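The chain contents come next:
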Amino acid sequence: MVRVVDIMKEKGQGLVEFAVILPMLMFLTLSIIYMGAMFMDYIQYNNAARDAARDISLKQTVDSRQTVMNAINAEGSTEWENYATPITGLYTPKMTVAFADSAGNTKNVTEDNAEDIQVTITLTRAVQFSDTFEKFMVFPDELPIVYKMKLEK
């Protein structure tokens, strides 16, 4: 014979199991959503780097290339917005453009001896979480994107 007390214990057991599983499910769900948003930003800025490299490499004159490069490389520049519109705001982009040689070196390379245009976008995480959550954060603080394109002479 089943007693009423036993039935009540079984009902409480389901509630306790749900309370134990719920935080893990919420963490997994929110992580998947955040990862999707991060990937969406990464794809968007990857396309922006390609578009900027293509735009600069196809410029016909040295002055027009240098004008665009100087505008993008200027401190506090928002020139990258010509190539990408922020979707989520999870990351803050910093775009730099440089001439590169065949080995990928950008130091001491001028347009005369350059073979490539190299666009680098560094995405820095703009959203900071609580200290407790930061301990479990598996997503990077910075996402570097480097895109090279042959320089049209």
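Residues numbered from 1 in each chain as written. Predicted model: local features only at pLDDT ≥ 70, side-chain atom pairs only at ≥ 80, totals over all residues. Heavy atoms only, no water.

*Asks:* Any details on the pattern of salt bridges? Residues and values, ideally.
*Replies:* Opposite charge on two side chains allows them to pair when their charged atoms are near. Counted under the stated rule, the structure contains two salt bridges. The shortest N-O distance in the salt bridge between Lys150 and Asp116 comes to 3.6 Å. Separated by 34 residues along the polypeptide, Lys150 in strand β3 (residues 142-150) and Asp116 in strand β2 (residues 116-125) bring together distant segments of the chain. One salt bridge in this structure joins Arg125 and Asp141, with 2.1 Å as the shortest N-O distance. Residue Arg125 is found in strand β2, and its partner Asp141 is found in the loop between α3 (131-134) and β3; the two are separated by 16 residues along the sequence. A relative accessible area of 5% places Arg125 in the buried class. Of the residues examined, Asp141 reaches a relative accessible area of 47% and is grouped as partly exposed. (Salt bridge = Lys/Arg side-chain N within 4 Å of Asp/Glu carboxyl O. Helix = DSSP H or I, 4+ residues; strand = E, 2+ residues; numbered from the N terminus. Buried < 20%, exposed > 50% of the residue type's maximum accessible area, 1.4 Å probe, protein only.)

*Asks:* Outline a nonpolar patch on the surface, supporting the account with residue identities and numerical values.
*Replies:* Judged by side-chain polarity, Val16, Val20, Ile21, Met24 and Leu25 come together as a nonpolar surface patch covering roughly 460 Å² of accessible area. If you trace the backbone, Ile21 turns up in helix α1 (residues 4-57). For Ile21, a relative accessible area of 39% gives the class partly exposed. (Patch = residues over 30% accessible without salt bridge, like charges linked within 9 Å, V, L, I, M, F, W, Y side chains within 5 Å. Areas by Shrake-Rupley, 256 points an atom, 1.4 Å probe, with all protein chains shown as cover.)

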